[in-house]
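Summary of structural features
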Amino acid sequence: MSLAQVIQDAWNAQSKWLIMLRPLSWLYRLGFGLNKTLYAQGIKKSYTAPVPVMVIGNITVGGSGKTPLLIHLVGYLSQKNVRVGVISRGYGGKGPFPAYVDTQATAESVGDEPALIVQTTGVPMAVGPNRQQSIELLLSKQELDLIICDDGLQHWALNRQIEWIVLDNNRGLGNQKLLPEGYLREPVERLRKGTVIEHAAQPQSALHMHLAPSQPYLLNHVESHAFDPNLPFYAVVGIGFPQRFYRTLESLGIQQFQCHEFPDHHDYEIEDLDFEDQYPIITTEKDAVKIMALLKQHPDYQRDIWVVPVEAILSSACYEVLHQQLLEHGISIS
């Protein structure tokens, strides 16, 4: 097991030994605070795009549900005739950057989440560590009213007009410590400075969302057959908070599944999908993007691989706030 996975497991369990990492957390806080101050004082320069930028991010490491939220917002805004584009760091992608993402782009080159976003929505998208270059590439190809930045809440080199912070109440804030003692990227008080969208099945605030799973579909066989939740499954996941996926499987009536966890943004090898019997695999859409590319290299692979799609369901208050925030920046939605 990798060191990253050991720390991830310790975060989820709130292990007491994490206190040994507190000096590193102090260094992280110092470095993070200094960097933010340099941007705030103009010593480091921030880029302001010619169109409004909306950042969707979180203050925690790992999954919070922001990608399904972004996908939903792209579809919603497109239906309202808002010309929207998306940028992303392209984490896990090999580049070269900046890269324009189309439906033929692979997760290997642009990252798994960008590939999923574009394959799901067809939205104009550019990726790369330099957000300014990504925006300029995007605007050279498309006329846009709004740019949504996938993650990048802590990327002070990019000015933004709207910030949505997804807070997953299922996972919470852990021990509320900064990296690496805890999984917070920023102190808890950061939640007061953005629009917090509570991700919870039983929310306590007006601004909330939840993920609704749909019927699983087969990834790798031309001749489709009915999904049987009574079968034993291998749950193969490489996401930030796999426990959420396991609860989703239980909500679908799947009770027999063996967990096989990999680090977030894991690069799958065919050996990761090999088991002694022929029971099917079940996985997330984010993992499926990478697994599908792997299967093209191994056309003889025979085991069924089922994918569970999820959709973000937003409260009415989320749309009201969105309309108001966009109107403040010259974007009217009827």
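Structure shown above.
What comes next concerns the included structure. Source: prediction; values computed, not measured.

Taken in spatial order, the five strands line up as 9-13-12-10-11 in an open sheet, and their pairing is mixed. Strands with a single pairing partner mark the edges of an open sheet, and in this sheet they are strand 9 (217-218) and strand 11 (257-261). Relative to strand 11, strand 10 (residues 233-237) runs parallel, the two being bridged by five bridges. Bridge pairing links Tyr234 to Gln258 in strand 11.

Alignment of strand 10 against strand 12 (residues 281-284), held across two bridges, turns out to be parallel. By the bridge assignment for strand 12, Ala235 is matched with Ile282. Pairing of strand 12 with strand 13 (residues 305-308), which is carried by four bridges, proceeds in the parallel orientation. Across the sheet, the residue bridging to Thr284 is Val308, located in strand 13. The handedness of the strand 12 to strand 13 crossover, carried by helix 8 (residues 285-297), is right-handed.

The subject of this paragraph is empty space enclosed by the protein. Within the structure shown, the criterion is met by one cavity of 30 Å³ or more. Its volume calculated, the largest cavity comes out at about 40 Å³. Contributing to the lining of the largest cavity are Thr60, Gly63, Ser64, Val166, Leu167, Asp168, Arg171 and Gly172. Across the lining of the largest cavity, the residue classes tally to two nonpolar, four polar and two charged.

To continue, consider the nonpolar core. Residues Met54, Ile56, Leu77, Leu146, Ile148, Trp164 and Leu314 are the most contacted members of the largest nonpolar core, which totals 43 residues. Of all the elements, helix 3 (residues 66-79) adds the most residues to this core, at seven residues. Other than its neighbours up to four places away in sequence, Leu77 contacts Val82, Val84, Leu146, Ile148, Leu322, Leu326 and Ile333. Ile135, Leu158, Leu167 and Leu184 belong to the second-largest nonpolar core, a separate cluster that totals 21 residues.

This brings us to helix 5 (residues 112-121). Of all ten residues in helix 5, seven are buried, a share of seventy percent or more. Inspection of helix 5 places Asp112, Glu113, Pro114, Ala115, Leu116, Ile117 and Val118 among the buried residues, and these make up the whole buried set. One or two residues past the end of helix 5 sits Gly122, with phi positive at roughly 75°.

The next thing to look at is the pattern of salt bridges. For the structure on display, the rule yields 16 salt bridges. Residue Glu163 pairs with Arg190 through a salt bridge whose shortest N-O separation is 2.9 Å. Pair noted here: Glu163 is in strand 6 (residues 162-168) and Arg190 is in the loop between strand 6 and strand 7 (195-199), with a separation of 27 residues, a long-range link. Accessibility expressed as a relative area gives 13% for Glu163, which makes it buried. One connected set of salt bridges, linked through shared partners, spans Lys66, Glu113, Asp150, Asp264 and Lys286.

With respect to the secondary-structure elements, Thr60 resides in the loop between strand 1 (53-57) and helix 3. Using a relative accessible area of 6% as the deciding quantity, one classes Thr60 as buried. Along the primary structure Thr60 and Ile135 are separated by 75 residues, whereas in three dimensions their C-alpha atoms are 25 Å apart. Not counting residues up to four positions away in its chain, the partners in contact with Thr60 are Arg171, Gly172, Leu173, Tyr183, Leu184 and Arg185.

Looking now at a nonpolar patch on the surface. A cluster of nonpolar side chains, namely Leu3, Val6, Trp17, Ile19 and Met20, defines an oily patch on the protein surface of about 510 Å² accessible area. The residue Met20 is located in the loop between helix 1 (3-13) and helix 2 (22-40) in this model. A relative accessible area of 61% means that Met20 is categorised as exposed.

Here we come to the environment of Asn58. Inspection of the secondary structure assignment puts Asn58 in the loop between strand 1 and helix 3. Looking at Asn58, the relative accessible area reads 0%, which means it is buried. Measuring from C-alpha to C-alpha, the distance between Asn58 and Leu167 comes to 6.6 Å, with 109 residues separating the pair along the chain. Separated by 3.4 Å, the side chains of Asn58 and Arg185 make a polar contact.

Helix 9 (residues 316-327) packs onto helix 3 with a crossing angle of 65° between their chain directions and a minimal axis gap of 13 Å. In this structure, helix 3 meets helix 9 at a crossing whose hand is right-handed. Touching His72, Leu73, Tyr76 and Leu77 of helix 3 are Tyr319, Leu322, His323 and Leu326, all from helix 9. Looking at the contact of helix 3 with helix 9, its residues break down into six nonpolar, two polar and no charged.

Cut-off values and rules
- Residues numbered from 1 in each chain as written.
- Predicted model: local features only at pLDDT ≥ 70, side-chain atom pairs only at ≥ 80, totals over all residues.
- Heavy atoms only, no water.
- Pairing = 2+ DSSP bridges.
- Helix = DSSP H or I, 4+ residues; strand = E, 2+ residues; numbered from the N terminus.
- Right-handed = clockwise from strand over helix to strand, strands pointing away.
- 1 Å grid on protein atoms, 1.4 Å probe; cavity = no way out; pocket = protein on both sides within 12 Å on 5 of 7 lines; lining within 4 Å.
- Points joined across faces, edges and corners; volume = space filled by probe spheres on them.
- Nonpolar A, V, L, I, M, F, W, Y, C, P; charged D, E, K, R; others polar.
- Core = buried A, V, L, I, M, F, W, Y, C linked by side-chain atoms within 4.5 Å.
- Buried < 20%, exposed > 50% of the residue type's maximum accessible area, 1.4 Å probe, protein only.
- Contact = heavy atoms within 4.5 Å.
- Salt bridge = Lys/Arg side-chain N within 4 Å of Asp/Glu carboxyl O.
- Patch = residues over 30% accessible without salt bridge, like charges linked within 9 Å, V, L, I, M, F, W, Y side chains within 5 Å.
- Areas by Shrake-Rupley, 256 points an atom, 1.4 Å probe, with all protein chains shown as cover.
- Polar contact = N/O pair within 3.5 Å; in protein donor to acceptor, adjacent residues only side chain to side chain.
- Axes fitted to C-alpha atoms, helices over the stretch in contact; angles between N-to-C directions.
- Left-handed = near helix turned anticlockwise from the far one by under 90°.

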